[in-house]
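One letter stands for each residue in the lines below.
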Amino acid sequence: MFSFDFLKDIVTRREFIRRGASGGVTLVVAPPILKAILAASQGAKEEIPGWLSKKEMEKLLKVALSRGGDFADVFLERKLRRDINMDEGRINTVRFGIDQGVGIRVIKKDTTGYAFSDDLSMKKLKETARVASEVAHSAARSASISRSKPPHHVFARIPLESVAESEKLDLLKRADAAARGYDSRIRNASVDYHDETRRIVIANSKGVWIEDERPIIYFTVWAQASQNGKRHRGRSRRSGTKGIEFFEGHPPEEPALTAAKEAIVMLDAEEAPSGEMPVVVEAGWGGVLFHEAVGHGLEGDLVQAKTSFYYGKLGEQVASEHINLVDEGSIPGLRGSANIDDEGTATQQNILIEKGVLKGYMHSLLTARQFGAKPTGNGRRESYKHFPLVRMTNTYIMEGKTDPQDMFRATKKGLYAKAFWGGVVDTASGNFTFSVREAYLIEDGKVTRPVRGATLVGSGPEALRSIDMLGNNLGFGPGTCGKGQWVPVTSGQPTLRLSKITVGGTKSD
Amino acid sequence: MDYEALVKDTLRKFKQAGADAEIFLQTGDSLEISVRDGNLENLKQSGSKGMGVRVFYKKKMSFVDSTDFSKGAVDSLVEKGLSLAKMAGKDEYNVLPEPREVTHRPEIYDPEIKRIPLDKKIELAKEVERRALSYHPLITKPEGCSYSDNSGKVIVANTLGISESYKATYFHVEIGVIAEKGESQQPGEYETGSRFFSDLMDIQTIAENAGRRAVAMVGGEPVKSQKAAVVFDRLTGERLLDGVSRALNGEQVALERSFLRGKIGEKIGSDLVTIVDDGIMNRGNASRPVDGEGVPTQRRVIIERGVLKGYFYNARGAARAKGKSTGSAARWGYGQPPGIGHHNFYLVPGELSSDEIITGTKKGLYVFQTIGFGVDAESGGFSVGASGVWIVDGKVVGPVARVAIASHMLEMLKGIDAVANDLIMDRSAACPTFRIKEMTIGGI
């Protein structure tokens, strides 16, 4: 079973990027690490300080293949993380962490051997490679690698390491002030800021040697409203694979106001209805419904295991002819984007469903080989502690032509689902649920009263077939997807209408 | 490497800088085996370590963590921790716990872990899968079976004098099989864990637990929307317990983010509801001598015959509530500051068998699988997707899927009118089969 965690006035660059000179505290990390992290922005060098050399990586691949094996790879990762939390009007916790390590994988037929180490000495790494090799039992091989350059659509213009923490604190304070200033009934706001820079190096037995750097920012604002014993917490999130310039396009006030509005509106929410009805799902993060209900079933590993509903259905009509479903890891700046996946394959646009017909699955190196297909740039992993699985990146339904207002007008009695917690799917049965955070009744063609506690329940294939109106307003929302490992993703869709789906609220009449 | 010495030495550096600090250091070895269709699919082995440090400077706090224990890395961690703490806001609730005597040290480390051969573990996973696949003719394919174990050591120490450490082991088996009938595919899944290898549930029972669920639910269709009784089985009842445990978080209660706020001494559940949190249960999956801040754990009755007795506090939550830590500081690895959570948390079993509960149910849903998050510890709202079987006049009449069951947590606790005797503590939050008199079932 797979799930989502549940857990924007333009500002000039100068306004929030005052470097250490402003008296704020600049980054204090061990100088070699900082140098290594910053090296990427200074162009490719032959070898990065503190990292493994070509020779060393070839040596590790040789050890990994010492008992045979069809394929081996070495994955180095170094990640700097910063988290700042603001609650009850003050900066609560400031956090900083470093994760670094090496994961080594050996594949023999359909069996994967994996081991990792956070100790980067060659002695320990050779031992790690030897442990990974335990799945193979044939003649030793070796490998030579040559360096290639990844595409460059995901990058930080202003590296996250170059910005003083005091400047980041200002972003939280601005969001806090905006949420509190929205309405006197907003009693508290909390803001979570997370950023990280993840540098990876991949070398494999097919000769690949490639590096990448991924900046990511995740900014969440909660606004708590209360009045006469009623309360609601609104939430809004922004995320992108960019440097601190991200906030130029996404000022912190924006999610703060969205969260505050939700909190105030939902104060008056009634219990959600129960039963089958048409549901209009708002553009953006609503796409999580199809991420869950359809996307997971198109991941090559689940198809290979024959447990996916979509196994053996290539070329079949699985949705109405207006539906195009895409997974695209190469869109600059989106949360699910990267230049290469975690196996070194360049990300790309993958059309999964075209005009309602199932066109293809998503693949890692392993599943591509199993299917005799091309890798699609979907081999992702949470960290060096995990071997790659087939994962989505930015998954979306392409836009249609309908004005969303026409969807409301066409609906006599139904639900308008505006904001969501997330969803869960059981890929074998296709059954999913989807928790709605902000919703409204649609009565006689109009959006009327807010309702709380709605859950949408259905079967993925049926939900896909039940889309009868597709809006002209594609949007994206950020999330984190769990499949035993957590990876950043976005889900997208235009506003759309499901002609019929089960709503599970607490009100029954 | 002498980790105790490293911890002591690092704490001394913070003290010299005029700060207080707490170190949570974790080391461990883990093994994960997965098999599918009788073949080894993945074999993952690793050793890892890491430390997380909370730094307190004049009631301001930061958190820094690293996997690198070299002198240079630790020195820069100390420096970074101090500089970040100085930037944070002043908060009177930023406190560390004082040392208390540890009176109970439950058995949680199985020295056998080093002696069990790898092949035996792989065979165990294969055998569980084989038996689950042969449980019933409707079971057609595997979803995978995994065996995992880990052994590790935790050191938790602070500048106020707490200095504790313990070793622990954990063994875990997880299995899923799929039953097919016509177009319908239905997985049945079961997972079970223990602190000792010899305490693992026997292979046949694990297999049957998964197989039985798949076969019972396959071909399920929604029922009409209605109000009816809902019986939760041993696994799905955990959903309600999870909602209760999150609402017991003392800090969330103080922030008015819990449906249980202001309810101490009040009757919030039926007489059949007694819920215990036990950190010192011998061989318990979630037992530890001390919590994530080094405070001794204990056994507490949280809800007694329907009456709410207390909340969960870590040091910070306790300071806010002007109370005492209940030893409920939870850690989700070294890389996260402590939160608040439960230990071995369970609904005390009743006297009926689960069959007697079914035969005593006039009309309702017997839930074997829930899907979705749907439990809001803040408002108490409960709405999740469910699959299971339908009961009429005490008999199972057919499978049900794609319905939503909804209510309010307080109504559910008060509505518990039957509790079975089938509790098995093979997870950290567990419950016997129980029935709720009435919930809203959203269907067609």
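Taking an unreviewed UniProt entry as the reference, chain B is identified by name as TldD/PmbA family protein belonging to candidate division TA06 bacterium.

You'll find chain A entered in an unreviewed UniProt entry as TldD/PmbA family protein, with candidate division TA06 bacterium given as the organism.

Asks: So what's going on with the overall build of chain A? Residues and values would help.
Replies: Within chain A one finds 12 helices and 24 strands. Burial statistics for chain A: of 509 residues in total, 67% are counted as buried. Carbon and sulfur atoms provide 50% of the accessible area of chain A, an area that totals close to 17600 Å².

Asks: Mind laying out the overall build of chain B, listing which residues take part and the relevant values?
Replies: A tally of regular secondary structure across chain B gives nine helices and 19 strands. For 444 residues, the compact-globule formula gives about 22 Å, and the C-alpha radius of gyration of chain B, at 24 Å, lands near that figure. Oriented by its inertia axes, the alpha-carbon framework of chain B measures out at about 70 × 55 × 35 Å. Relative to all contacts within chain B whose residues are 6 or more apart in sequence, the contacts with residues 24 or more apart total 72%. Of the roughly 16600 Å² that chain B leaves accessible, carbon and sulfur atoms contribute 48%. Computed over 59 positive and 59 negative side-chain charges, the inter-centroid distance for chain B is 5 Å.

Asks: Can you break down the UniProt feature "domain: Metalloprotease TldD/E N-terminal" (unreviewed entry) in chain A residue by residue, with the values?
Replies: The feature "domain: Metalloprotease TldD/E N-terminal" (unreviewed entry), as given by UniProt, occupies residues 72–136 of chain A in the numbering adopted here. Within residues 72–136 of chain A, the helical portion is 17% and the strand portion 65%, while the C-alpha atoms at the span's ends are 11 Å from each other.

Asks: Before we move on, can you summarise the sheet that holds strand β9 (residues 299–304) of chain B with the specific residues and values?
Replies: Each strand in a sheet pairs with its neighbour through backbone hydrogen bonds, running either in the same direction (parallel) or in the opposite one (antiparallel). Residue and element names in this part refer to chain B. One open sheet accounts for five strands, arranged β10-β9-β8-β13-β18; its pairing is mixed. Two strands bound the open sheet, and with one partner strand each, they are β10 (307–308) and β18 (429–430). Sheet topology places β9 next to β10; two bridges connect them, and they run antiparallel. Note on β10: the bridge partner recorded for Ile-303 is Leu-308.

Asks: For the confidence of the model for chain A, give the residues involved together with the corresponding values.
Replies: Close inspection of predicted coordinates is inappropriate in any region flagged by low pLDDT. Summary statistics for chain A give a mean pLDDT of 88 and a share of 90% for residues scoring 70 or more. The least confident element of chain A, judged by mean pLDDT, is helix α1 (residues 13–16) of chain A at 28; the most confident is strand β14 (residues 379–380) of chain A at 98.

Asks: Account for the side chain of A:Gln224, naming residues and giving values.
Replies: Locating A:Gln224 in the fold gives a position in strand β7 (residues 208–227). If we ignore the near neighbours within four places in the chain, the residues touching A:Gln224 are A:Arg185, A:Ile186, A:Arg187, A:Asn188, A:Arg231, A:His232, A:Arg233, B:Leu255, B:Glu256, B:Arg257 and B:Glu378.

Asks: Describe the pairing of strand β5 (residues 163–181) of chain B, and please don't skip the residues or the numbers.
Replies: Residues and elements named next belong to chain B. Inspection of the sheet shows strand β4 (residues 139–158) paired to β5 by 17 bridges, in the antiparallel sense. For Lys-141, the partnering residue across the bridge sits in β5 and is Ile-178. Linking β4 back to β5 in an antiparallel pair, the connection comprises four residues, with Gly-161 at a positive phi of about 115 degrees. Of the strand pairs in this sheet, β5 and strand β6 (residues 184–194) are connected by 11 bridges, and their pairing is antiparallel. Pairing of Val-177 across the sheet is with Gly-188, part of β6. Between the antiparallel neighbours β5 and β6 lie two residues, among them Gly-182 with a positive phi of about 60 degrees.

Reading the values: the criteria
- Per chain, residue numbering runs from 1 following the sequence as it is written.
- The naming scheme follows written order: chains are lettered A onward, ligands numbered 1 onward.
- Given that this is a predicted model, residues contribute local features only at a pLDDT of at least 70 and side-chain atom pairs are listed and counted only at 80 or more, while totals for whole chains, interfaces and linings are drawn from all residues.
- With hydrogens and water excluded, all non-hydrogen atoms of the structure serve as input to the side-chain values.
- Elements are defined by DSSP. Helices are runs of H or I of four residues or more, strands are runs of E of two residues or more, and each kind is numbered from the N terminus.
- Partly exposed residues are those whose accessible area sits between 20% and 50% of the maximum for their type, while under 20% is buried and over 50% is exposed, using a 1.4 Å probe and protein chains only.
- Reported accessibility uses the Shrake-Rupley method at a 1.4 Å probe radius. Residues are deemed covered only where the shown protein chains occlude them.
- C-alpha atoms define the radius of gyration, and 2.2 Å times the number of residues to the power 0.38 defines the globule rule.
- Only heavy atoms enter the contact rule, under which two residues are in contact if any of them lie within 4.5 Å.
- Counted as positive: Lys and Arg. Counted as negative: Asp and Glu, with His and the chain ends omitted from the count.
- By convention, the charge on Lys lies at NZ, on Arg at CZ, on Asp at CG and on Glu at CD.
- UniProt positions are given in the numbering used here, feature names are shortened, and annotations may be inferred rather than shown by experiment.
- Strands qualify as paired when DSSP identifies two bridges or more between them.
- A score between 0 and 100, pLDDT records how confident the predictor is in each residue.

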